[in-house]
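Per-entry structural report
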Amino acid sequence: MSTIIQQNIECNKSLCHVPNTPSAANKRWRSAFVSIYCSRALLSFFKESPLDKKTARVSQNSSSIILDIKPANNRFKIDQASLTELVKEKNADKLQNIGGVDGVASILEMSVEFGIHGNVEDITRRRESFGSNSYKRPQRKSFFHFVVKEFKDLTIIISLLSVVSCLAFDVMENETLAGRGEDESLLAALFLVVISAISNFWQSRQFHKLSELCNNIQIKVVRARLHQKVSILELVVGDVVCLKIGDQVPADGLFLEGHSLKVEESSITQDESDHVEVNCHHPFLFSGTKVVDGYARMLVTSVGKNTTWGEMMSSISHDTNKLQTPLQIQLNKITSSIRKVGLAIALLALVVLLVRYFTGNTEDESVIEEFHGSKKKFCVMVKAMRILATATTIVELVIPKGFSLAVKRTHVYSMKKMMVDQAMVRKLSAFETMGFATTICTDIAGSLTLNQMKVTKFWLGKESFDAAAYSSIAPYFLELVREGVAMNTTSTAYRPTSRFEIEFLSNPTEKAILSWAILELNIEMEQLMHNCKILSVEAFNSHMERSGVLLRRMGDSTIHVHWKGVAEIILKMCSSYYDSSRIMKELDDHERMKFEQIIQGMEASSLQCVAFAHKQLSKEDQEYDTKDKKIEEEGLTLLGLVGLKDPCCPGVRNAVEDCQFAGINIKMITGDNVFTAKAIATECGILRPCQDMVNGLVIEGMEFRNYTLEERMEKVDKICVMAKASPTDKSLMVQCLKQKGHIVAVTGGDINDAPTLKEADIGLSMGIHGTEVARLSSDIVILDDNFASMAKVLSWGRCVHKNIQKFIQFQLTMNVAAIIVNFVAIIFVNQGLLTGVQLLWVNLITYYLVTLALATEQPTKKLMEKPPMGWTKPLITNNMWRNLLAQALYQVVVILTLEFRGQLIFNVCEKVRDTLIFNTFVLCQVFNQLNARKLMEENIFKGIHSNKLFLCIIAITIVLQVVMVEYLKWIEDTESLNWWQWAACIGMAIVSWPVGWIVKRIPVPQKPFLSYPKN
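These remarks concern the structure in this document. (Residues numbered from 1 in each chain as written. Predicted model: local features only at pLDDT ≥ 70, side-chain atom pairs only at ≥ 80, totals over all residues. Heavy atoms only, no water.)

When helices and strands are counted, the protein chain shows 38 helices and 26 strands. Within the protein chain, the fraction of its 1015 residues that count as buried is 50%. For the protein chain, contacts bridging at least 24 residues in sequence account for 72% of all contacts bridging at least 6. As displayed, the protein chain offers around 48,900 Å² of accessible surface, 57% of which is attributable to carbon and sulfur atoms. (Helix = DSSP H or I, 4+ residues; strand = E, 2+ residues; numbered from the N terminus. Buried < 20%, exposed > 50% of the residue type's maximum accessible area, 1.4 Å probe, protein only. Contact = heavy atoms within 4.5 Å. Areas by Shrake-Rupley, 256 points an atom, 1.4 Å probe, with all protein chains shown as cover.)

Looking now at the pattern of salt bridges. Considering all chains together, one arrives at 31 salt bridges under this definition. Across the pair lysine 90 and glutamate 265 runs a salt bridge whose closest N-O atoms are separated by 3.9 Å. In this pair, lysine 90 is assigned in the loop between helix H4 (80-88) and helix H5 (92-97) and glutamate 265 in the loop between strand E4 (252-264) and helix H11 (266-269), connecting sequence segments 175 residues apart. For arginine 913, the salt bridge identified is with aspartate 914, shortest N-O distance 3.0 Å. The class of arginine 913 is buried, set by a relative accessible area of 8%. (Salt bridge = Lys/Arg side-chain N within 4 Å of Asp/Glu carboxyl O.)

Here helix H36 (residues 979-990) spans 16 Å end to end across 12 residues, near enough to the 16 Å set by a 1.5 Å rise per residue. Taken as a whole, H36 has its buried residues at Gln981, Trp982, Ala984, Cys985, Met988 and Ala989. End-on view of H36: buried residues confined to an arc of 160 degrees, all on one side of the axis. Exposed and oriented more than 90 degrees from the buried face of H36 are Trp979 and Trp980. The inward-facing, buried residues of H36 contact helix H32 (878-906), helix H33 (910-933), helix H34 (948-966) and helix H37 (992-999). Regarding H36, its N-cap is asparagine 978, as a side-chain oxygen of that residue lies 3.2 Å from the backbone nitrogen of tryptophan 980 further along. (Expected span 1.5 Å × (residues − 1). Arc of directions from axis to C-beta. Polar contact = N/O pair within 3.5 Å; in protein donor to acceptor, adjacent residues only side chain to side chain.)

A few words now on the packing of aromatic side chains. The tally for this structure, following the rule as stated, stands at 12 aromatic pairs. Each ring, one from tyrosine 577 and one from phenylalanine 595, has its centre 5.1 Å from the other, and the planes form 70 degrees; the classification is edge-to-face. In this pair, tyrosine 577 sits in strand E17 (residues 574-578) while phenylalanine 595 sits in helix H21 (residues 589-604), placing the two residues 18 residues apart along the sequence. A single burial state applies to tyrosine 577 and to phenylalanine 595, both of which are buried. Pairing phenylalanine 704 with tyrosine 707 gives two aromatic rings, centres 6.2 Å apart and planes at 75 degrees, and the pair type is edge-to-face. Take phenylalanine 704: its relative accessible area is 0%, and that puts it in the buried class. Tyrosine 707 gets classed as buried once you look at its relative accessible area, which sits at 14%. One aromatic cluster is present, formed by Phe458, Tyr470 and Trp516 through successive ring pairs. Across the ring face of phenylalanine 114, the terminal group of arginine 225 is positioned such that the distance to the ring centre comes to 3.9 Å. Across from the ring centre of phenylalanine 950, 5.5 Å away, lies the NZ or CZ of arginine 933, which sits over that ring. (Phe/Tyr/Trp six-rings, centres within 6.5 Å; stacked < 30°, edge-to-face > 60°. Lys NZ or Arg CZ within 6 Å of the ring centre and 35° of its normal.)

Here we come to the packing of helix H23 (residues 652-661) against helix H30 (residues 787-829). Helix packing geometry: the angle between the two helix axes and the distance between the axes. Where H23 contacts H30, the two axes come as close as 8 Å, and the packing angle between them is 30 degrees. As judged from the angle between their axes, H23 and H30 are roughly parallel. When the axes of H23 and H30 are compared, the crossing they make is left-handed. Residue-level inspection shows Val652, Ala655, Val656 and Cys659 of H23 in contact with H30, the latter providing Phe787, Ala788, Ala791 and Leu794. Across the contact of H23 with H30, the residue classes tally to eight nonpolar, no polar and no charged. (Axes fitted to C-alpha atoms, helices over the stretch in contact; angles between N-to-C directions. Parallel < 35°, antiparallel > 145°, perpendicular 65-115°, else oblique. Left-handed = near helix turned anticlockwise from the far one by under 90°. Nonpolar A, V, L, I, M, F, W, Y, C, P; charged D, E, K, R; others polar.)

Once that is clear, we can look at the sheet that holds strand E23 (residues 721-723). The sheet built from eight strands is open, its strands ordered E8-E26-E25-E24-E9-E21-E23-E22 with mixed pairing. Each edge of the sheet is formed by a strand with only one pairing partner; in this case those strands are strand E8 (423-425) and strand E22 (698-700). Taken pair by pair, the neighbouring strands of this sheet meet at an average axis angle of 20 degrees, ignoring direction. Both E8 and strand E26 (residues 780-782) contribute to a ladder of three bridges, which runs antiparallel. Within E26, the position partnered with methionine 424 by the bridge is valine 781. Lying on the sheet, helix H27 (residues 727-739) is in contact with strand E9 (439-442), strand E21 (665-669), E23 and strand E24 (744-748); it crosses E24 at an angle near 165 degrees. (Pairing = 2+ DSSP bridges.)

Here the focus is the packing of H30 against H33. Across the interface, H30 lies against H33 with an axial gap of 9 Å and an inter-helix angle of 150 degrees. As the angle between them shows, H30 and H33 are arranged roughly antiparallel. Crossing handedness for the pair H30 and H33: right-handed. When H30 is examined against H33, the residues Lys806, Gln809, Phe810, Thr813, Met814, Ala817 and Ala818 are found in contact with a partner set consisting of Phe921, Gln925, Asn928, Gln929, Asn931, Ala932 and Arg933. A per-class count over the contact of H30 with H33 returns six nonpolar, six polar and two charged.

With burial as the criterion, each face of strand E3 (residues 240-243) is covered, one bearing Val240 and Cys242 and the other bearing Val241 and Leu243. With two bridges joining them, strand E1 (residues 218-223) and E3 adopt antiparallel strand pairing. The residue of E3 that forms the bridge with valine 221 is valine 241. As judged from the four bridges shared by E3 and strand E7 (residues 290-302), these two strands associate in the antiparallel manner. Bridging from a neighbouring strand, leucine 243 pairs with alanine 296 of E7.

Here we come to helix H7 (residues 120-130). One full turn of an α-helix is made of 3.6 residues, so residues set three or four places apart face in the same direction. Along H7, the positions that sit buried rather than exposed are Asp122, Ile123, Arg125, Arg126, Ser129 and Phe130. All buried residues of H7 lie within an arc of 160 degrees about the axis, which places them on one face of the element. Opposite the buried face of H7, at more than 90 degrees from it, the exposed residues are Val120 and Glu121. Considering only its buried residues, H7 is in contact with H4 and E1.

In structure tokens:
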């Protein structure tokens, strides 16, 4: 403080021209000035907030300087707002004023080559200064939201209004509420609301967790000199991110280095017409855009809500994923139909009761008193509302509230199990649709094969060399091959400090070639990169299927061209070749045919063939090519050929056979040539030996493309393999299959597969080697890139559909039995057989325990022995109608027999009879769970030992029922039962097993029952 005061005194001294030797009077004035100045300084320090100090405007004159004082928590020389503005405005001039990209890197205290330090302190410091890579999500719905949503149900509204009205009238009449049925009905209605709200709230939380798991993308970054993969959520400002074709840019940033980088900015500009080229002159990259060509490294300048994408996503205030799955739509239609039936029956019961009451024909005055003309209107209204409440219990019984809960529980359980089976579901409708799939169109790499390539063949000229013979090759020739591999690659090789092995980061083909060159040809990457300067690069893409590089050797300044790519394409670019003696020979038609035979021989052995070519430019060509940076494409010299083997995934042949046995057509669509495609298809079981000779089973993409529409529709079912297919050919086949009524699943991992993945009924992307664009376009991600996992997805899809059918049969059996029993009881004895609390208990068993038991049934081999169901078949089959009507009829007979003859048969009082009715009805539902396990099979106990949860739920239900009847009888208004009565209840419930066995032997017509009224 004293130093600051002294400086200000000196400043004011110069302004006021105070002499160096002041007089006594001047000394007194100076002392007064210092006192006043210090007082004002201290007062302003306490009065002004830091924000006021920062935003205070200072007049710009010759004696003042404006300083941008950074907050104390920002430890860098630039704030986030400046970084965001720099990239968002695409202001290249402003970027140059601070030293360009290197200047930004210096300010962010990172190295453009080695990245940030990456330790815990560094990451924490950057997060505190610039934020984390997350943005504000739409607010999750609270429990109260789901409660309000349930109260909007029309049936619940009617039930609550009628019951509350009766209770209000009772209070006005000074009647006691104890023992009335209305309070029990109110409790039952409220219970349904709360249970449904709890289940929906819990499912919402589960889906949110799964959604977060789906969005946890792995990003390749450079930190502390090492290439590593981190979660997109761990990305910080200053990180160096490696981008390649198919990646989605994870944050806003600046281009560091790379070649031929083009991005699609449609996600932020809504314009898909053009691809934006990004380079040193236009270095701005935005989060959410997609890399469509080239590769590069970028410097992250903004993350999370500070990015353009983050601002857009933070502005979304509602949940955009509200689409219902096909199964939910079908169940809603069934529920709507059942609701109409229930309302009709309730209306009929209401009319009967009202007519009986107003005509004075009722006999039971304890429930509904007779109507007499002398009664007051108020009393009449009370009794009418009680009649309405009695009728609405029928509606509560008939509407299957458990459908939605069963679907959601099945979804959550199946999605978690599918994660264990290496499949991550991104869209709920996907694995439901997968159960209906009739055709799977699959690629080779990453689904049928491991995508772990290895060089197994090397040809120099027309001679094959193994690893032991590499030393006999001329050094000059080997140097050309090394140079072509090292300089013309997107792969990265580095040796971690903690391990001895070299690690390679790239796609499988590049990784295999570079690892072969380093480990067997002994190339030195750093030395070659130091000796050569890259002038231009043409990055590899699936359209051209080749990559090239134009470089200058620093030693002699000569310019060289290297090309690498699919062997047939590179061969067409060559006019000469090197033989094994390092002699350059002309590549005439005869010699070209010999090389084509060599290539076809490797491809017939299921090897992927890659060729290398080279050309040294003359001085004239150097001046032209270095000016336009054009890479020469003609007159090349063939250096050699390598054959890469990609082994088939373990178990893929069995998985293909399982799918074919299940009635699924497997079609291979690949960009590889016919020979490789036929060899791998035969190895995987898609083609049988000698089947490739059958006309029409194996075709090329161009041939299929040139067909007329009628020819494509005629031949598409027969095709098993389509080779040399473009993404357009793949989409064309999917369109034809869908037009013929097929439900098509498509696998893909490349950026060009994204449109086809969206067009297919089910899009399956690769989790390991697939691009991020493909994953975002897919419905299901296969985490281990194995076709066997797709077969498991198919099995789970069928299992989900079957489990829902099981619960539908169980639920409708209970609803049909309960509605008939209560309707008959209301008509004949003026009251339902089940009280409100008993109804509550039955619903508790149904909603919580039975849904959990039936939703956790595992897929069985039996599911894969039947053809696909298809879209057109009804959800409730004829077999299900037969089973549920028979079981409901049995329960109706038993319960009504107990109602009208129970006291005589068991020689008990009325309250014990009512207890027997309630107990038998609940036990019938418990034992009917086993009937529901097998919709068509007679042996309902088959495989039950493998589902211990199912057995536990049955045991828990029985124990709870015993406790409810024997120890909590005041809740259900029941009486204790003796051993003989319990045995009778269990015996009557167990009879449902032989009833089910007998009924399943009754044949049913193939035509759906519900289609007869329409006809």
